[in-house]
Amino acid sequence: MKEIKHQLLRAKNIPELKIVNKQLDDELIRLKEFGESSLKSYIKTGARLTENIVELPVWDDMEQYNDLIPPWGFHKYCNYQVSEFGLGMIHIIFNVGKKVRKNNDYRFRDEIKTDTKNYYFLFDFQKRHYIEVNPESNQEWITRTAQMEALEMEAFSFIHDFITNKRPEFIKNNSSFLNKTRKTYSEIQRHFDTVYNFLDETWVYLDFLLIIYGDISSEEHFYLEQSIRNMKRKMNEAILYIENFNGNQQYDSTTDYLSRTDKSSGFGIVNETFYSIESNFSGRKEKVEEGEWFVYDPSRGYLFSKNNKLFPNIAEVERRRSLYEQGANSESESTLIAEILRRLK
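Fair warning: this is a prediction, and the values are worked out from it, not measured in the lab. (Residues numbered from 1 in each chain as written. Predicted model: local features only at pLDDT ≥ 70, side-chain atom pairs only at ≥ 80, totals over all residues. Heavy atoms only, no water.)

**Focus: the overall build of the chain**
Keep this limit in mind: Here a strand is any run of E in DSSP of at least two residues, a helix any run of H or I of at least four, and the numbering for each starts at the N terminus. Using a 1.4 Å probe on the protein chains alone, a residue whose accessible area is under 20% of its type maximum counts as buried, one over 50% counts as exposed, and one in between counts as partly exposed. Whether two residues touch is decided by their heavy atoms; if any such pair falls within 4.5 Å, the residues are in contact. Where accessible areas are quoted, they stem from the Shrake-Rupley method and a 1.4 Å probe; at the residue level, only the protein chains shown are allowed to cover. Just so you know, the count uses Lys and Arg for positive and Asp and Glu for negative, and it drops His and the chain ends. By convention, the point assigned to a charge is CZ for Arg, NZ for Lys, CD for Glu and CG for Asp.
When helices and strands are counted, the chain shows ten helices and nine strands. C-alpha extents for the chain along the principal axes are approximately 75 × 50 × 35 Å. The buried share of the chain, taken over its 345 residues, is 41%. For the chain, contacts bridging at least 24 residues in sequence account for 64% of all contacts bridging at least 6. When the accessible surface of the chain is totalled, it reaches about 19600 Å², and 49% of it is carbon and sulfur. For the chain, the separation between the mean place of its 48 positive charges and that of its 54 negative charges on side chains is 2 Å.

So, in structure tokens, the structure goes:
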């Protein structure tokens, strides 16, 4: 665990590599397709690395043609995918190609890649910014990869047990408890003890996601830690309130509300704590239909938004990497996130 704590301290000090979408000129947008060198001047992977910034173009002809497929049979596009491996190692794949109508479903398009470029970046702790590297020959990349593999071996049993046993058991029991109409004060206190212990394990799990897998950014990790601290603080306050009652007595939400110290709150401390736990363990809907927006809470699954970015709660961290029940892709996901951000402003 000593090595894990050391790497956690390093990981928390690694800033995000920001990718700025470079706007294409109208002349380039009017081209039938992107040539091998036509986008070269728009790709800037090294010019602003001292600022931890990479510039890449993003385009899809659907922006000018909408659903219409032009007579030459495709939309040109360029985009990128980012993979973070933890410990400041990042792989960006930049794609150029065509999107054609799917043969077996005319509602959607297939991507045909005509060019793909790979870029690898490593955070340099001495220079305090990212550098572009060749992963096959850069010794620091090779060393950090070996460190992550060793950490994963040490952490794997915990992670496996957490996601296959502890987490699903907690989700089931927590939902069952919160849905009970009648609860005694002693039952509530025991449940808060269970939640408290599970949050401690969740904190360790989030550490591993940051260090080993790069599944969350250091900024996301920071705010998730804050959310756990806030839940623990609320539970401590609620337990102090509960201690005023006989443990076998039935919890009364009206008394809870009337006893609240913050008169601007719409809940008593116990109910407020219930809500905090429920909201942190509720993920976003996969898909929100147009007619649902008037009742759907766009903040569901998120702690808040900042600088045009959504910060996930504990449940959303898991949901966003899992399989979907309904049809979705990167385009539909980007569209939904943009709509959520718009409605949260």
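**Observations concerning the packing of aromatic side chains**
Worth spelling out the cut-off: Ring pairs shown here join Phe, Tyr and Trp side chains whose ring centres sit within 6.5 Å, with only the six-membered ring taken for Trp; geometry is labelled stacked below 30 degrees between planes, edge-to-face above 60, and tilted in between.
Under the definition given, this model contains 24 aromatic pairs. A ring pair is formed by Phe 123 and Phe 125, whose centres lie 5.3 Å apart and whose planes are at 90°; its orientation type is edge-to-face. With relative accessibility at 22%, the residue Phe 125 sits in the partly exposed group. Measuring from ring centre to ring centre gives 5.8 Å for Phe 192 and Phe 274, while their planes differ by 55°; the resulting arrangement is tilted. Remark: Phe 274 occurs in helix H8 (residues 269–280) and Phe 192 occurs in helix H5 (residues 185–213); sequence separation between them is 82 residues.

**Considering the pattern of salt bridges**
Just so we agree on the cut-off: One side-chain nitrogen of Lys or Arg within 4 Å of one carboxyl oxygen of Asp or Glu is enough to make a salt bridge.
Under the criterion given, the structure shown has 32 salt bridges. Here Glu 316 ties to Arg 319 by a salt bridge, and the two come within 2.7 Å at their closest N and O atoms. With a gap of three residues between them, Glu 316 and Arg 319 both fall in helix H9 (residues 314–319), about one helical turn apart. Judged by relative accessible area, which is 14%, Arg 319 ranks as buried. Taken together, the shared-partner salt bridges in this structure form one network comprising Glu 16, Glu 219, Lys 306 and Lys 309.

**Structural notes on the pairing of strand E5 (residues 89–101)**
Both faces of the sheet carry side chains from a regular strand, because those side chains alternate between them. What counts is decided by this rule: In short, DSSP must find at least two bridges between two strands for them to pair.
Pairing geometry for strand E4 (residues 75–86) and E5, over eleven bridges, is antiparallel. Following the sheet pairing, Glu 84 is matched in E5 by Ile 90. In this structure, the hairpin formed by E4 and E5 is closed by a connection of two residues, where Leu 87 is found at a positive phi of approximately 55°. Relative to strand E6 (residues 109–124), E5 runs antiparallel, the two sharing 13 bridges. Bridging across to E6, Val 96 finds its partner in Asp 115.

**Regarding the side chain of Thr 45**
For Thr 45, the location among the structural elements is in the loop between helix H2 (26–29) and strand E2 (53–57). Not counting chain neighbours up to four residues away, the residues in contact with Thr 45 comprise Val 54, Tyr 119, Phe 121 and Glu 132.

**A few points about the nonpolar core**
Here is the rule we go by: Take the buried residues of types Ala, Val, Leu, Ile, Met, Phe, Trp, Tyr and Cys, join any two whose side-chain atoms come within 4.5 Å, and each joined set is a nonpolar core.
Within the largest apolar cluster, 48 residues are counted, with the highest numbers of intra-cluster contacts made by Ile 188, Phe 192, Leu 199, Ile 211, Val 270, Phe 274 and Phe 281. Sorting the residues of this core by element identifies helix H1 (2–12), helix H4 (139–178), H5, helix H6 (218–242), H8 and H9 as the ones contributing at least two each. If one sorts the elements of this core by residue count, H5 sits on top with 14 residues. Those residues in contact with Phe 281 that sit more than four places away from it in its chain are Phe 170, Ile 171, Phe 198, Leu 199, Met 231, Ile 314 and Ala 315. By size, the runner-up hydrophobic cluster in this structure holds 22 residues, among which are Leu 17, Ile 29, Leu 39 and Trp 59.

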